[in-house]
Amino acid sequence: MNQAAPAPKENMGQPVPRIDARLKVTGQAGYSADLAAGNVAYAALATSTIAKGAIQALHLDRARAVPGVLDIVSIGDMDQIEKPKFGNTGASSIGPLHDKTVFHDGQIIALTIAESFEAAEEAAMLIEADYAQENPSASFDSQGTKIEPAAGKSPMYKEDAKVGDFDSAYASAEVKIDQKYSTPTQHHNPIELFSTTAWWQGDQLTVHEPSQNVTGWKIELARQLKIDPANVRIISPYVGGAFGSKGPMTARTAIVAVAARRVGRPVRCVVSRMQAFGTQTYRAETRHRIRIGAGKDGHITAFAHEGWEVTSRPDPYVVGGASATARMYNYGSVLTHVSLVRADRNTPGYMRSPPETPYVYALENAMDEMAVALGMDPIEFRRINEPQKEPIGGKPFSSRSLLKCYEQAARAFGWSRREARVGSMRDGDWLVGMGCATAIYPTAVAPCAARIRLTADGQVRVQCGSHEIGTGVRTVAGQMAAERLGVDLDKVSVEMGDSALPPAPVSGGSISTASVCSAVLKACDAVRQKLFAAAVGEGGPLAGSGNAKLDMAGEKIVADDGKSAALSDLFKTMQIGAIEEYAEFAPRGSSPEALKKLYAGESEFHGGDQDQDSVKYAFGAEFVEVRVNSHTREVRVPRLVGAFAAGRIMNTRTARSQLMGGMIWGIGQALHEATEIDQRHARYVNRDLQDYLVPVNADIKEVEVILVPEIDHEVNPAGVKGLGELGNVGTAAAVASAVYHATGKRIRDLPIRIEDLVT
Amino acid sequence: MPKVISTGTSTVSKLSRRSFMSGSVLAAATMPIITRSAKAEEPPSDGQDNARALAAVSMRVNRQSYNFALDNRTSLLDALRDHAGLTGTKKGCDHGQCGACTVLVDGRRVLSCLSFAVMNEGRDVTTIEGLAAADGSLHPMQQAFIDNDAFQCGYCTPGQIMSAIGCVNEGHAGSEDDIREYMSGNLCRCAAYPNIVAAIVQARDETRRS
């Protein structure tokens, strides 16, 4: 045991190392662009240099003349296929090669295909376009944006949550705040570059591309190409970081597929880091106005959260985190309203805790301000406003361990050593600040299928078309099978990341562990039932133990009357070599079409605030110590402590790592990450990893993760709440709170930079 | 173009033999390229195209000799991945900003995306595929990364491990603060940083001895 492998507490699984760890440390794990595809031709993108207008002419001659260039796919060459659709499977409705309209800077205008990477790149750089250019609207403050209500624009955001009479409650509140907050554009920047490799064998299309949704992509790609989905296979065995960026398919996939058909051989396009900023999705910039009113005793009576979010002209992507903030505390009255601001930008999309990261940041920074206004300890302020029921629909929480999280994190952090007065804690040249905030993430689950095979020698194979994006889902699925079938984990193999496998939902919304483990559990239980029936049946090795309670352990069927039968003997009696079960799991409350939708690539989410019986969330409390240099105003974060309760923890090692990584993401949100926009040209400026800052090793010191035991049978059969997106939700507000405590400066616009603290 | 020939006598492990095999398959599969490339070798009419010419480059990779014929513009990273079939080394930015492509050249860590292959004539290159022993036993740094869960998605991991070995051998792993500083050229977007530091501390002494 070391720090990376915390001892399991109640309702927690063993911290076994990742099932694919050896492959990952030896360079043998095959990511999409690593996979052999035969005689590959290389492709490169050419992208627009304006953000709004139309292409009048494309000049391809110089590019075609580059030795080794095989073909160029450009505008007009996609006429025979359907345009992309915007939705959960498709990143945008923009079909960049379907028409001449330019919707945003960096839009694909051509794809060059050549014998070598160097030739393809050279050719792409030689492509020029004549544009009829218009003045673009870059963001919130630009001329020409269109503002509209978000409610009803997305199936994920049907209405603005509202309860009680906010206006009168706020008017009569004894203590109140009214403040504005903002979060910037951010790009996921997984270290793996985006790529597509496609080839045709007859009418069969195979695509290697990092994906969080192989089944959805299979269906969508087949629709665009107007072919039978049975002829499309998406393969994505390992994904080099995703964070939402590989959830929706982008226009490039079909373009590369068309290119492969034209040149009659495999085509691989690895997108440059710079071009990814405009051709993939991103986290939309948001603005917030929050009003909170309370009595002098600290009880909140009125809460209003208004949000504004940038999206593209054609696609109404909604962040919509007001539905989460509206349910966090016992407010009395609630008013929320979310607006979309349409600008000449590529379409934003999901990025790790998409609604919660910006909206809960704004709320929690406001909660800290409110605690200051009340002269109250921020933990005590949250304790006073802890709800018994969810405030909008009045439903109970399936479980809510927030206060336990605060207690345990506060103790480990040493909150009692905090001197409340601003600027009172100093260590030489460093101003010390301590802050805290709540993390919350909805617990959802979706239909999922899995196939389990058990052979007489105790080998288990798990097949499920989910995705290993670094979460450890292959490991925990294997653990679930090993536990239920009574074999060691090293006898279990897990196949994922292939649309030819039993379908799984999109690996987004922190649903994978719950959904996959519930399906694996169901398939394993079907195997068990068959084996148990044969074991106690006539002529079976446990005949006569029919009333005993049976289990599987040590490659045996074990009865509680003390008898047992080895699997190998039982298989002999059954005269079989293998037993295989295919299970389809649908969560409670699923629609009659839920499983049909699973095969059609649509994930029907259940949980969060959508269920009839209860609302389901995972909670955490995060504590941060910052040090602000009194001369340079540099901000350092030497210490982070987070305590999280998320139902059953399948593996304390992978859970800790995800939460730790999430908290460090939160440091990035707070202090580093922002995609800067040239307001005149609606163009991203810092399109590389030198200027788009993410936390590096030297930015991070002590990070402590506390796993708080919690049992919740209501959420799903596996009892699991997702935690991949929980860790980064509270951090930024905790940092803002700590910076205020150190300096007396309340920074409301992220990221917090030196220039904000200089004067 | 991608003509991969092993002239080395085989002292190689199973692993590097497999790498060699995949390189050969690649070469055979891309025969048409050589036709095209031969054209590129003709004197260019405008005299400006020399960057495209093929160069013969020889180097040792993971104790095995490779003779490449490469576009002068080919990076060491692309030579390893696309021409030697050693895809363990990763491309994360192609600009020397992320560290995913880190390999050891003559024992020192190098960003292979910032190094033209032709600059490595006669050098000795070690990639992630060359770390484990012939019997499959892992380098102490590889084992330490597993023990400390020093990765999640695993994509930056080959670069982290190669960089970690370089960091120790340079004498920059004396303290945890030193490790953090000298490992900050290797980005981990999953943010396994505390675990990476713990892994390097665990493997430090054994790495120095190995």
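On a predicted model such as this, the values are computed, not experimentally measured, just so you know. (Residues numbered from 1 in each chain as written. Chains lettered and ligands numbered in written order. Predicted model: local features only at pLDDT ≥ 70, side-chain atom pairs only at ≥ 80, totals over all residues.)

A word on the overall build of chain B
Looking only at helices and strands, chain B features seven helices and five strands. The burial tally for chain B puts 56% of its 210 residues in the buried class. Long-range pairs, those at least 24 residues apart, make up 64% of the contacts in chain B between residues at least 6 apart in sequence. (Helix = DSSP H or I, 4+ residues; strand = E, 2+ residues; numbered from the N terminus. Buried ≥ 20, exposed ≤ 12 C-beta atoms within 10 Å, placed from the backbone. Contact = placed C-beta atoms within 7 Å.)

Points about helix H5 (residues 157-169) of chain B
Given a rise of 1.5 Å per residue, 13 residues ought to cover 18 Å, and the 18 Å separating the end C-alpha atoms of H5 of chain B matches this to within 8%. Counted residue by residue, H5 of chain B has 12 buried out of 13 residues, so it is predominantly covered. Here H5 of chain B has its buried residues at Thr157, Pro158, Gly159, Gln160, Ile161, Met162, Ser163, Ala164, Ile165, Gly166, Cys167 and Val168 of chain B. Buried residues belonging to H5 of chain B abut helix H1 (21-25) of chain A together with strand E3 (102-105), strand E4 (108-111), helix H4 (140-147), helix H6 (176-182) and helix H7 (193-209) of chain B. Looking one or two places after H5 of chain B, you find Gly171 of chain B, whose phi comes out positive at around 80°. (Expected span 1.5 Å × (residues − 1).)

A word on the interface of chain B and chain A
Tallying the contact residues gives 59 residues for chain B and 53 residues for chain A. No other element matches the six residues that H7 of chain B contributes to the side of chain B that touches chain A. Counted by class, the side of chain B that touches chain A contains 28 nonpolar, 16 polar and 15 charged residues. (Nonpolar A, V, L, I, M, F, W, Y, C, P; charged D, E, K, R; others polar.)

Some words on the domain arrangement of chain A
All names here are of chain A. Domain annotation of chain A identifies domain 1 (1-30 + 395-443 + 608-759), domain 2 (138-394) and domain 3 (445-606). Averaged C-alpha coordinates put domain 2 and domain 3 at centres separated by 34 Å. With 21 residues of domain 2 in contact, the opposing surface of domain 3 contributes 16 residues. Secondary-structure elements contributing two or more residues to the side of domain 2 that touches domain 3 are helix H5 (214-225) and strand E12 (232-235). Among the elements that line the side of domain 2 that touches domain 3, the one with the most residues is H5, at six residues. Here the residues of the side of domain 2 that touches domain 3 are counted per class, giving nine nonpolar, nine polar and three charged. (Domains from an automatic or database assignment.)

So, the environment of Ala526 of chain A
All names here are of chain A. With respect to the element layout, Ala526 can be found in helix H13 (residues 512-536). Classification of Ala526 by C-beta neighbours within 10 Å gives partly exposed; the count is 16. C-alpha of Ala526 to C-alpha of Ala583: the two residues are 57 residues apart in sequence and 8.0 Å apart in space. In contact with Ala526, other than residues within four places in its own chain, are Glu581 and Ala583.

Re the environment of Gly240 of chain A
Relative to the helices and strands, Gly240 of chain A resides in the loop between E12 and helix H6 (252-263). Accessibility expressed as a C-beta count within 10 Å gives 29 for Gly240 of chain A, which makes it buried. C-alpha of Gly240 of chain A to C-alpha of Gly144 of chain A: the two residues are 96 residues apart in sequence and 38 Å apart in space. Leaving out residues up to four positions away in the same chain, Gly240 of chain A has contacts with Tyr31, Pro190, Ile191, Glu192 and Pro210 of chain A together with Cys153 and Tyr155 of chain B.

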